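Report on the structure
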Amino acid sequence: MHYFGEVSNQVYILRAERRWSQSELAEKLGVTRQTIAAIENNKFIPSLELAFAIAHVFERELQEVFQFQPSDNEEDE
């Protein structure tokens, strides 16, 4: 259920540009490969701390890595 909107990300694209495996990125962040896979597939939204760490590893601003799309559903207001 999405109360306010949806979060998408560019993790797969940024990782592929660097030719890093999911395992390599996971090691840099201190998480599992499965966590990276879940983030890339939008099945898991990382904590704010992990999101900032991901942006830092890619040398990008948080908003360049993660995007938020507000819900159009007026019932959410």
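As a reminder, the structure under discussion sits directly above these lines.
Okay, so let's go over this structure. In this text, all values refer to a predicted model and were calculated from it rather than measured experimentally. Counting restarts for each chain: residues are numbered from 1 in the order of the written sequence. The predicted origin of the model limits local features to residues at a pLDDT of at least 70 and limits the giving and counting of side-chain atom pairs to 80 or more, whereas totals for whole chains, interfaces and linings rest on all residues. Side-chain numbers here rest on the full set of heavy atoms in the structure, without hydrogens or water.

Details of the packing of helix α2 (residues 22–29) against helix α3 (residues 33–40)
Inclusion rule: Orientation is described by axes fitted as lines to C-alpha atoms, over the contacting stretch for helices, and by angles from 0 to 180 degrees between their N-to-C directions. Elements are defined by DSSP. Helices are runs of H or I of four residues or more, strands are runs of E of two residues or more, and each kind is numbered from the N terminus. Should an angle fall under 35 degrees it is called roughly parallel, over 145 degrees roughly antiparallel, and 65 to 115 degrees roughly perpendicular, with every other angle called oblique. Throughout, a contact is declared for two residues whenever any of their heavy atoms are within 4.5 Å. Residues were grouped as follows: Ala, Val, Leu, Ile, Met, Phe, Trp, Tyr, Cys and Pro as nonpolar; Asp, Glu, Lys and Arg as charged; and all remaining residues, including Gly, as polar.
With their axes 8 Å apart at the nearest point, α2 and α3 run at an angle of 110 degrees to one another. When the axis of α2 is compared with that of α3, the two are roughly perpendicular. Of α3, the residues touching α2 (which contributes Gln22, Ser23, Leu25, Ala26 and Leu29) are Arg33, Ile36, Ala37 and Glu40. In terms of residue class, the contact of α2 with α3 is made up of five nonpolar, two polar and two charged.

Some thoughts on the packing of α2 against helix α4 (residues 48–57)
Any two packed helices are characterised by how steeply their axes cross, that is the angle between the axes, and by the distance between the axes. Rules: Crossing handedness is read from the near helix: turned anticlockwise from the far helix by less than a right angle, it gives a left-handed crossing, and turned clockwise, a right-handed one.
For the pair α2 and α4, interaxial distance at closest approach is 10 Å and the crossing angle is 115 degrees. Relative to α4, α2 is oriented roughly perpendicular. Once α2 is placed against α4, the crossing between them reads as right-handed. Two secondary-structure elements touch here, α2 through Leu25, Lys28 and Leu29 and α4 through Leu50, Ala53, Ile54 and Val57. For the contact of α2 with α4, the per-class residue count stands at six nonpolar, no polar and one charged.

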